[in-house]
Amino acid sequence: MTETGAVGAVQETGADWPAIRPEVVAEVVAGLSARLQKRLDSAAAKLAGRPVERTGDDWRIAVDEEAELVLHAPGGVIADQADVRCGCLLAPACVHRAAAVTVCPITDEEPAGRPGTGGTGTDGAGPAAAAPPAGTPVAGQGTTAGTTAGTAPGTGDGAPPDVLAAAEVAAVHHLHRAGAAVLAAGVGGAGAVLQAELLRAAHRARLAGLYRPSAAAVAVVTRVRAARSGEPDHRLADLVAALRELLGLTTALADAASAAPPGPADGAPDGTPPVVPVGIAGLRGTARQAYGEAGGLRLYGLFSEPVLTPTHAGAVTWAVDAGGGLHTIAEIMPHADATTAAPQAVGAGNRAIRLGDALLSHREFTRAGLAVQGATRSAGGRLGAGAAVRAVRASGAAWTAEPIARLWAEPPAAQVERALAAAALPPEGRPAGSELLFLEVTLIGAVPYGPGGALQLLADCGGAVVVLRAAHDHPGLAHRGNLALLAAAPGLRLRVVGQLERAARPELRLLAVGAPADGPHPGEPALALTDRADRVNLGLERLQRADLVLPAETPAPSSTPSGVEPEGASRLAGAPSAPGPLAALPDREGPAAPVHLLTRRVEQAVTGGRAALTLTVRTADGARSVDGDRTRLRSAGLATGAALLDGLRSAAADQPRDVFGRVVADDHAAFAVAWLAAAWYGEELASALCATAWTSAMSGPAPAVGPVPAGEGASVHSQLSSQP
């Protein structure tokens, strides 16, 4: 609802909260008294339910009948604590201001056009993990070709990149303590005060030139907020990964700083600077992505995928140059809230690409080409959109023609090894497309498979049974509906592009599919996509029943409109296995390694905090469950995992006490070390099991592929399209 005010400004009722810089949150919360800090979480929850009115760059919230909050956010970002004003008598040290900054979403972006900031607005100049997470391309992001914006202030201009200064060491220790405190408190205990302290440490690290740890800390706060508010996009695995990244970086930097005798910055009398490993530059990160001259490029569109983060949404389009190298062009912008994220991502696919004067959308470019002059490119393959770049539309290439066809020439096992190796690198250091798999598969169908017997869309890839999953589960995207339609076409041969899903069996998250190199054989199902260059972007485009050519004995599934719940969705959990050849799958799984016995304790610490691991849970026979977990891990040959589990529980319970037996607050350093060791062990073990699963699956016999019995096609489509 909008209305015009007395001065001609447009007033918007029911507006979303503006974004805010991390340091502003830290400064405002630090100004509260200890008594008001205890009331902050409840005050923030109450304020979040109040209506917000926007007039120009001012957001207004009525606190009560007499007081009003005014948030001044030029460009939609609050960049100064003076921009948060309250009309109550306790202002500026009132709980209303602190509650307001707690409710506002966090961003590392500077507001566009703010004097003295040099901000770039939505171009996303910073490496903010919260907006969007590190490694996600942002529209227009980049620096002048051949330069890197921002040197580490802690090292000073011209200082060696492998030296940690005193300011950096202090910032690392502050960041580690704040991160450990959030871990020890858990999601339930990590309220606004702990979040603000972590943001203060993140700002201090950023000022010291530690951009990557700072971005990781902001990501932790963003995901903790999502967990506490129950946002639909929250995933516990993302929060665990963010905490593991933060504590891993601070531990590595602290170890590097203590690996050598102190230098002059630390008070050493001999004037010798500290010597630390060369990898310290990678741990620091950079303020902005560095772009170098790429000259002239002939690009061929490959596919486009939607991108959703807690604060940003858009699309990323992949292209191949004449030499087979991969490049990306992004259109990602901040979104107002979770309800507008998916439509914004889908709409980004229809917007014109930001590269020179080319007049074609991202979806059009996936089936066309570009001739680019004066191109700039980052190490991760992102193309810059500087004023000197020139681009014109050109012809595209089929997936079965060069230079695109060579992407499918790499053996699947080698692709899996490459993807797992890339996952261990920081996002900004990964080669372009290293996380993608290009496979040729034959659909088997949707059958109960794996633990629990849930319906899975399976495919044969060189003799390996691969589970095909939706790249994103958001109902506003086309992934799930498209997979449900494909599930009713067993025997359909495809070229697919996907992301490796790290699991104990081969799994792939599909991004795009296309026709095979030799075309359909007589009597086989086939894709009818000649008007779309025989390929489809599964997240941005919806397949229809007319896009599938099925044999006469296989009933075609009916198309389900977006947002409509198909009939029979509630029967998914009890769906029977399809009879006939569809169920004749080789049993190669064997006993699964009980890695979950350790990883669930790691996740339990994140959700319930340190105290959750000290609780004694007993089984029906009176034995402690942790003893059974330890025994099962040792029986499976995971003695290291059993030792790490014992160490994690011991560190959680080992808290100092005073002479009266009361728990004394500590820095949680030992607990953070034990948790980090268990988390990284689970991470590495999961990667090893994933690689083993693909290798062993490729060596087995090919599974049988048969038609879906009459009447099964529509049922499978109905059940899979509603499966989360």
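Just so we're clear, the structure is a prediction, and the values are computed from it rather than from any experiment.

Caption draft 1: Fine view of the overall build of the protein. Along the protein, the regular secondary structure elements total 18 helices and 21 strands. Within the protein, buried positions represent 51% of all 724 residues. Once local pairs closer than 6 in sequence are excluded, the contacts in the protein between residues at least 24 apart make up 67%. Per element, the accessible surface of the protein, about 29,900 Å² overall, is 56% carbon and sulfur.

Caption draft 2: Molecular detail of the environment of E331. Tracing the chain through its elements places E331 in strand β11 (residues 326-334). We classify E331 as buried; its relative accessible area is 2%. Distance from E331 to G349, taken between C-alpha atoms, is 8.1 Å for residues 18 residues apart in sequence. Within polar-contact distance, the side chain of E331 engages the side chain of R351 at 3.3 Å. Separated by 3.1 Å, the side chains of E331 and R354 make a polar contact.

Caption draft 3: Spotlight on the confidence of the model for the protein. A residue-level look at the protein finds 77% of positions with pLDDT of 70 or above and a mean pLDDT of 79. Counting interchain partners and residues more than four positions distant, the pLDDT-below-50 stretch residues 1-10 has 14 contacts. Note on residues 702-721: pLDDT under 50 across the span, and 59 contacts to partners over four residues away in sequence or across chains.

Caption draft 4: Quick look at the pattern of salt bridges. The tally for this structure, following the rule as stated, stands at 24 salt bridges. A salt bridge links R367 to E541; the shortest N-O distance between them is 2.8 Å. Here the residue R367 occupies a position in the loop between α11 (362-365) and β12 (369-378), and E541 occupies one in the loop between β20 (535-537) and β21 (548-549), the gap between them amounting to 174 residues. Judged by its relative accessible area of 22%, R367 falls in the partly exposed class.

Caption draft 5: Inspection of the packing of helix α8 (residues 236-257) against helix α14 (residues 596-608) at higher detail. Following both chains from N to C, one finds α8 and α14 inclined at 90°, their axes separated by 10 Å at the closest point. By the angle between their axes, α8 is roughly perpendicular relative to α14. Each of L236, L239, V240 and L243 in α8 lies in contact with α14, whose residues at this interface are V602, E603, V606 and T607. For the contact of α8 with α14, a count of residues per class yields six nonpolar, one polar and one charged.

Caption draft 6: Region of the structure containing the sheet that holds β11. The sheet built from five strands is open, its strands ordered β11-β10-β9-β12-β13 with antiparallel pairing. Pairing within the sheet leaves two strands with one partner each, and these edge strands are β11 and β13 (390-394). Across the sheet, the axes of successive neighbouring strands diverge by a mean angle of 45°, strand direction being ignored. Alignment of strand β9 (residues 291-308) against β12, held across eight bridges, turns out to be antiparallel. The residue of β12 that forms the bridge with E293 is T376. Relative to strand β10 (residues 312-321), helix α10 (residues 338-348) is tilted by about 30°, and along the sheet it contacts β9, β10 and β11.

Caption draft 7: Main features of the packing of α14 against helix α16 (residues 639-653). Relative orientation of the contacting elements α14 and α16 amounts to 25°, with a least axis distance of 10 Å. Relative to α16, α14 is oriented roughly parallel. Crossing handedness for the pair α14 and α16: left-handed. Together, L598, R601 and V602 of α14 and G641, L645 and L648 of α16 make up the contact between the two elements. Taken together, the residues that form the contact of α14 with α16 break down as four nonpolar, one polar and one charged.

Caption draft 8: Fine view of helix α1 (residues 22-30). Of all the nine residues making up α1, seven are buried; the element is thus mostly covered by neighbouring parts of the structure. Within the span of α1, buried status applies to P22, E23, V24, V25, A26, V28 and V29.

Caption draft 9: Fine view of the side chain of T250. Structurally, the position occupied by T250 is in helix α8. Judged by its relative accessible area of 1%, T250 is buried. Not counting chain neighbours up to four residues away, the residues in contact with T250 comprise V172, L175 and H176.

Caption draft 10: Just unusual backbone geometry, in detail. Cis peptide bonds are those with omega within 30 degrees of zero, and the linkage from A91 to P92 qualifies with 10°. Among the secondary structure elements, P92 is positioned in the loop between β8 (84-86) and α4 (95-103). Residue P403 follows E402 across a cis peptide bond; omega there is 5°. Along the chain, P403 falls in the loop between β13 and α12 (412-423).

Caption draft 11: Local environment of the packing of aromatic side chains. In the structure shown here, the tally under the stated rule is three aromatic pairs. Look at W399 and W408: their rings are 5.1 Å apart centre to centre, the planes differ by 35°, and that puts the pair in the tilted class. For W399, a relative accessible area of 4% gives the class buried. Among the residues examined, W408 registers a relative accessible area of 8% and is labelled buried. Aromatic pair W408 and F438: ring centres 5.2 Å apart, planes at 70°, arrangement edge-to-face. Of this pair, W408 sits in the loop between β13 and α12 while F438 sits in strand β14 (residues 436-448), placing them 30 residues apart in sequence. As far as burial versus exposure is concerned, W408 and F438 are alike and both buried. Grouping aromatic residues by their ring pairs yields a cluster made of W399, W408 and F438.

Thresholds, definitions, all that
Residues numbered from 1 in each chain as written. Predicted model: local features only at pLDDT ≥ 70, side-chain atom pairs only at ≥ 80, totals over all residues. Heavy atoms only, no water. Helix = DSSP H or I, 4+ residues; strand = E, 2+ residues; numbered from the N terminus. Buried < 20%, exposed > 50% of the residue type's maximum accessible area, 1.4 Å probe, protein only. Contact = heavy atoms within 4.5 Å. Areas by Shrake-Rupley, 256 points an atom, 1.4 Å probe, with all protein chains shown as cover. Polar contact = N/O pair within 3.5 Å; in protein donor to acceptor, adjacent residues only side chain to side chain. pLDDT = per-residue confidence, 0-100. Salt bridge = Lys/Arg side-chain N within 4 Å of Asp/Glu carboxyl O. Axes fitted to C-alpha atoms, helices over the stretch in contact; angles between N-to-C directions. Parallel < 35°, antiparallel > 145°, perpendicular 65-115°, else oblique. Nonpolar A, V, L, I, M, F, W, Y, C, P; charged D, E, K, R; others polar. Pairing = 2+ DSSP bridges. Left-handed = near helix turned anticlockwise from the far one by under 90°. Phe/Tyr/Trp six-rings, centres within 6.5 Å; stacked < 30°, edge-to-face > 60°.

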